[in-house]
Amino acid sequence: MISELGQSGVMRYVLFDVDGTLIDAVDNQRQVWRTWAERHGLDPDEVYRVALRTRPMETFAQVAPDRDAQKCLDALHELEDEDVRSGTYTAFDGAADLLNALRPGAWALVTSNYEHRVRGRFARAGLPVPEVLVDAAAVEEGKPSPVPYLQAAARLGAQPEDCLVIEDAPSGVQSGLRAGMTVWGVNTLAAVDGVHRHFDSLHEAVRDILAFVSGSLPRGLEGSAALQ
């Protein structure tokens, strides 16, 4: 297990996004939105295109402005909950080894999803759940606001400058940057705008993430906010 007490004596922390970062849920999300769209007589491809860049209530406002947004959300939640129960979930390569190597209390999950779904998916994928999990119900402002990551840091007792954010999506990257944290991007072919470092896959980032939290990574390789 990796200690997060760096060489300078300062604790280091890692804050992970979930979907697209630790859990490969793209096919699940696409199918959920497809089913929802078909039930509402809408074009599944167009609905999913909008859903990728907006929060659900904003998606409904764009693709189904004449429908009751709360009923739309309730229907979506039912589909998502069913997917957690019956869908197939896969953790990205390296996720299990990485999370099990981190000391409890020094890492957190920060997600736009809900805690019960995250716990269900992690159980199915064989991943440990940390003490701190900031979900959509925990904050009034979601990503790209800095609030989710700042709340996670506060609950860990961490300063933003001592936190490393691992993300795959533009809104999450902006959230981490606005929180004043070091942000590394994973699982994308091209670097998301603003990231301090980019890795094609989570697996490629594991060694450097563990080196960051141990304080053994050379400062120039951290790509910290100070170097942005």
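The present account deals with the structure reproduced in this document. In this text the structure is predicted, and so the values were computed from the model without any measurement.

### Observations regarding the sheet that holds strand β5 (residues 132–134)
Point 1. Read across the open sheet, the 6 strands follow the order β5-β4-β1-β6-β7-β8; overall the sheet is parallel. The sheet is open, and its two edges are formed by β5 and β8 (197–198), each paired on a single side.

### Structural notes on unusual backbone geometry
Point 1. In this model, lysine 143 is joined to proline 144 through a cis peptide bond whose omega is 20°.
Point 2. Within the element layout of this structure, proline 144 appears in the loop between β5 and α7 (147–156).
Point 3. Of note, the phi angle at asparagine 187 is positive, near 65°, even though the residue is not glycine.
Point 4. Among the secondary structure elements, asparagine 187 is positioned in the loop between β7 (182–185) and β8.

### Here's the deal with the pattern of salt bridges
Point 1. For the structure on display, the rule yields 12 salt bridges.
Point 2. Residue lysine 143 pairs with aspartate 17 through a salt bridge whose shortest N-O separation is 3.0 Å. Here lysine 143, found in the loop between β5 and α7, pairs with aspartate 17, found in the loop between β1 (13–16) and β2 (23–24); they are 126 residues apart in sequence, far enough to count as distant.
Point 3. With relative accessibility at 7%, the residue aspartate 17 sits in the buried group.
Point 4. Between arginine 117 and aspartate 81 there is a salt bridge, and its shortest N-O distance comes to 2.8 Å.

Cut-offs and rules
- Residues numbered from 1 in each chain as written.
- Predicted model: local features only at pLDDT ≥ 70, side-chain atom pairs only at ≥ 80, totals over all residues.
- Heavy atoms only, no water.
- Pairing = 2+ DSSP bridges.
- Helix = DSSP H or I, 4+ residues; strand = E, 2+ residues; numbered from the N terminus.
- Salt bridge = Lys/Arg side-chain N within 4 Å of Asp/Glu carboxyl O.
- Buried < 20%, exposed > 50% of the residue type's maximum accessible area, 1.4 Å probe, protein only.

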